[in-house]
Amino acid sequence: MWSRFGTPTKRAGSGTSEEFERALARFTTNPNDISILFYFKDTPIPPSKLDPTQLQLLNEFKSSLKSSGVLFWEFSDPEQFEKLVSMHITKHVQNWRSRHQATAYTPSETSETPSFQSEMVLAPMAKIEDDDDGYLDLLETFQEHSAEVVRIANRLTEAQLELTARTTQNTEDLQALAASPSRNNPSQARRLISKAADEMVQFTNRVNAEVPLLRNAMNASMNALTKAATLSVEFDIEQTQATKTAATSLLIALTSARQSMVGFKDSTLALPRITKELNSAKRKQAAALDSLIVELENGEQLLVAALAVIETLIQRR
């Protein structure tokens, strides 16, 4: 779902709602029968396309999912949606295999032809071509691009700390100016404020330049991890644990960077509205930080999904 709840049917508030209610009834009766995966697109909508009634119904439906204990996920673009679905389907297929392998038909010692059910349960999820990257290739690709993600995050964190130090110094200079006999000199104060605004604009330009690099590196790393998580079922527990360790390390780095940027954005918005120039710099910096925070959040969400898949594979060993 995105911004609309849908058109009412004879049995429910919308066709999607009716499909969900039927699925939920089956799931409640037999949780092993089906799995429910629900996704909401979370991107801006032009005001002219907004329907307040539909939006209210959608929010009420989302709240009902929470009260029903149904997990759902939000995504911001098709690539993130694709990765989430791939991770979740992989996880549920592995759970399905675990449940059904125990009841699959086991051929007797005199039988030379395995049952169709046994072949179906044990068959690989997808055909792997000979020239496709193997598990170790994918893990190496993931680690390479993950390292680039961490480097970008570290560069931005360092730039943020530098700007924070300069902002602190500018604030102290303004306070000293206010306490001096020449505190009524507005031109000197304006120069200090202009300096602070220029430094904020420089940082904003740095963030805007780094965000596409972060997005590309994150996409490359997650593409490799998605495939590696699927293939890791074919390898021993140590190799699967190595994948988990690498993904966990990246998740910790992204979470730390996001928390730092969220706090920095709050500090930015808390700056006083002194001049038009500073207000403009504040607004642009906050918008750039919003974009960065969204990228970091998307990466965290995908890594959490990947770790859930990997943990399922580890538990099966």
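So, here is what we can say about the structure in this document.

What counts as what
- Residues numbered from 1 in each chain as written.
- Predicted model: local features only at pLDDT ≥ 70, side-chain atom pairs only at ≥ 80, totals over all residues.
- Heavy atoms only, no water.
- Salt bridge = Lys/Arg side-chain N within 4 Å of Asp/Glu carboxyl O.
- Helix = DSSP H or I, 4+ residues; strand = E, 2+ residues; numbered from the N terminus.
- Expected span 1.5 Å × (residues − 1).
- Buried < 20%, exposed > 50% of the residue type's maximum accessible area, 1.4 Å probe, protein only.
- Arc of directions from axis to C-beta.
- Contact = heavy atoms within 4.5 Å.

The final tally for this structure, using the stated rule, is 10 salt bridges. A salt bridge links Arg22 to Glu18; its shortest N-O distance comes to 2.8 Å. Here Arg22 pairs with Glu18, and both are found in helix H1 (residues 15–29), just four residues apart, close to one helical turn. The shortest N-O distance in the salt bridge between Arg155 and Glu210 comes to 2.9 Å. Note that Arg155 is positioned in helix H5 (residues 135–179) and Glu210 in helix H6 (residues 186–231), a separation of 55 residues in sequence. Ionic contacts of the salt-bridge type, sharing partners, join the residues Arg11, Glu18 and Arg22 into one network.

Turning next to H1. Across its 15 residues, H1 extends 22 Å between first and last C-alpha, which sits within 8% of the 21 Å expected from 1.5 Å per residue. Where H1 is concerned, the buried positions are Ser17, Glu18, Phe20 and Leu24. The buried residues of H1 occupy an angular sector of 160° when the element is viewed end-on, so they sit on one face. When the buried face of H1 is taken as reference, the exposed residues oriented beyond 90 degrees from it are Glu19, Arg22 and Thr29. Against strand E1 (38–41) and helix H2 (52–68) lie the buried residues of H1.

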